[in-house]
Amino acid sequence: MIIKLGLVDDSHMLREYFVDFFKRCPEFEVMFSVSDLKDLYRAKTALQPDIILLDIMLPSGNSLKSISKVKQLFPYAHIVILSAVEDPAASHAALINGAKGFLLKTSSSDFIRDALVKTFEGGTALSPVIVNHLIDFNNSQPRTLADVAPELTKRELDLCNLVVTGMSNKMIASTMNIAFYTVNEHLKHIYKKLNINSKSELISYIMRA
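Just so it is clear, the model here is predicted, and its values are computed rather than measured.

## Topic: the overall build of the protein chain
Alright, step 1. Each helix and strand counted, the protein chain has eleven helices and eight strands in total.
Alright, step 2. Over its C-alpha trace the protein chain gives a radius of gyration of 17 Å, about what one expects of a compact globule, namely 17 Å for 209 residues.
Alright, step 3. Its C-alpha atoms give the protein chain principal-axis dimensions of roughly 50 × 35 × 30 Å.
Alright, step 4. Buried residues in the protein chain amount to 50% of all 209 residues.
Alright, step 5. Per element, the accessible surface of the protein chain, about 10100 Å² overall, is 54% carbon and sulfur.
Alright, step 6. Distance between charge centroids for the protein chain: 5 Å, based on 23 positive and 22 negative side chains.

Put into structure tokens, the structure is as follows:
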């Protein structure tokens, strides 16, 4: 398994650090390392990564507003925000806009590596404090997922709450004490009921609830 990675961050020092780190990880190949979105767009034709690590504040502006454009140009890439900002609104907006994760630059390199592997395997990369932010953000909202998706059973709602924490299907199965196959079946039913097609869409749906 080789995970093709792209880096977008205006800090040359940080990019050099991660390029060096991931070059020493046999499961990763760094496809490109650029300082801004305009450089990312120029890389589009030749390079198609599996994951793009994207900083929020770039010379061309706030990248959260450009996630949909990046996804159009790199349809097979998972976009994971890598930020120094512990902002509940920013992490919420990132997932709403289609990011597959939100990691903090204060996280250890090993944690970031493992989180990206989890993302490649279908999970969601979230630093622990970001999970807490998302839970707090959802709890502060007047509506719940049960209010906007009454067609979901209690079991399905419980599973949705675990999905938003970034757990893999295997971890969800262990937490709910059900078979891995059963998690997949529940997800299929949830996707059909909500007219969505993936975990990232489910997380965006939950965040909008």
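## Observations concerning the packing of aromatic side chains
Alright, step 1. As enumerated under the stated definition, the model contains five aromatic pairs in all.
Alright, step 2. A centroid spacing of 5.4 Å and a plane angle of 75° characterise the contact between Tyr17 and Phe18, whose relative ring orientation is edge-to-face.
Alright, step 3. Following the ring pairs from residue to residue traces out a cluster consisting of Tyr17, Phe18, Phe21, Phe22 and Phe28.

## A word on the side chain of Ser107
Alright, step 1. Along the polypeptide, Ser107 turns up in the loop between strand E7 (101-104) and helix H5 (109-120).
Alright, step 2. Polar side-chain contacts of Ser107 include one of 2.9 Å to the side chain of Ser127.
Alright, step 3. Ignoring any residue separated from it by four or fewer positions in sequence, one finds Ser107 in contact with Ile112 and Ser127.

## Let's talk about the nonpolar core
Generally speaking, a soluble globular protein has its nonpolar side chains buried in company with each other.
Alright, step 1. Within the largest apolar cluster, 50 residues are counted, with the highest numbers of intra-cluster contacts made by Leu40, Ile52, Ile81, Phe102 and Leu202.
Alright, step 2. Ranked by size, the runner-up nonpolar core spans 19 residues in total, among them Phe18, Phe21, Leu103 and Ala125.

## Some details on the side chain of Ser109
Alright, step 1. Along the chain, Ser109 turns up in helix H5.
Alright, step 2. Engagement of the side chain of Ser109 in a polar contact is seen with the side chain of Tyr17, the distance being 2.5 Å.
Alright, step 3. Ignoring any residue separated from it by four or fewer positions in sequence, one finds Ser109 in contact with Tyr17 and Phe21.

## Here's the deal with helix H9 (residues 169-176)
Quick reminder: α-helices carry 3.6 residues per turn. Residues three or four places apart thus point the same way.
Alright, step 1. Along H9, the positions that sit buried rather than exposed are Asn169, Ile172, Ala173 and Met176. Here the buried residues of H9 occupy an arc of 100° about the axis, which is enough to place them on one side. The outward face of H9, more than 90 degrees from its buried face, is lined by the exposed residues Lys170 and Ser174.
Alright, step 2. One or two positions beyond H9, positive phi appears at Asn177, with a value near 60°.

## Section: the sheet that holds strand E8 (residues 125-126)
Alright, step 1. Sheet architecture is open: six strands sit in the order E2-E1-E3-E6-E7-E8, paired in parallel fashion. Among the strands making up the open sheet, the edge pair consists of strand E2 (28-34) and E8.
Alright, step 2. Against the sheet, helix H1 (residues 12-23) touches strand E1 (3-8), E2, strand E3 (51-54) and strand E6 (78-83), its axis set at about 165° to E2.

## Quick notes on the packing of H1 against H5
Alright, step 1. Where H1 contacts H5, the two axes come as close as 11 Å, and the packing angle between them is 65°. Between H1 and H5, the interaxial angle falls into the category roughly perpendicular. Classified by chirality, the crossing of H5 by H1 is right-handed. Contact with H1, carried on its side by Tyr17, Phe18, Phe21 and Phe22, involves Ser109, Asp110, Ile112, Arg113 and Leu116 of H5 and no other residues of that element.
Alright, step 2. Per-class residue counts for the contact of H1 with H5 are six nonpolar, one polar and two charged.

Each value, and the rule that gives it
- Residues numbered from 1 in each chain as written.
- Predicted model: local features only at pLDDT ≥ 70, side-chain atom pairs only at ≥ 80, totals over all residues.
- Heavy atoms only, no water.
- Helix = DSSP H or I, 4+ residues; strand = E, 2+ residues; numbered from the N terminus.
- Rg over C-alpha atoms; globule rule 2.2 N^0.38 Å.
- Buried < 20%, exposed > 50% of the residue type's maximum accessible area, 1.4 Å probe, protein only.
- Areas by Shrake-Rupley, 256 points an atom, 1.4 Å probe, with all protein chains shown as cover.
- Lys, Arg positive; Asp, Glu negative; His and termini not counted.
- Charge placed at Lys NZ, Arg CZ, Asp CG, Glu CD.
- Phe/Tyr/Trp six-rings, centres within 6.5 Å; stacked < 30°, edge-to-face > 60°.
- Polar contact = N/O pair within 3.5 Å; in protein donor to acceptor, adjacent residues only side chain to side chain.
- Contact = heavy atoms within 4.5 Å.
- Core = buried A, V, L, I, M, F, W, Y, C linked by side-chain atoms within 4.5 Å.
- Arc of directions from axis to C-beta.
- Pairing = 2+ DSSP bridges.
- Axes fitted to C-alpha atoms, helices over the stretch in contact; angles between N-to-C directions.
- Parallel < 35°, antiparallel > 145°, perpendicular 65-115°, else oblique.
- Left-handed = near helix turned anticlockwise from the far one by under 90°.
- Nonpolar A, V, L, I, M, F, W, Y, C, P; charged D, E, K, R; others polar.

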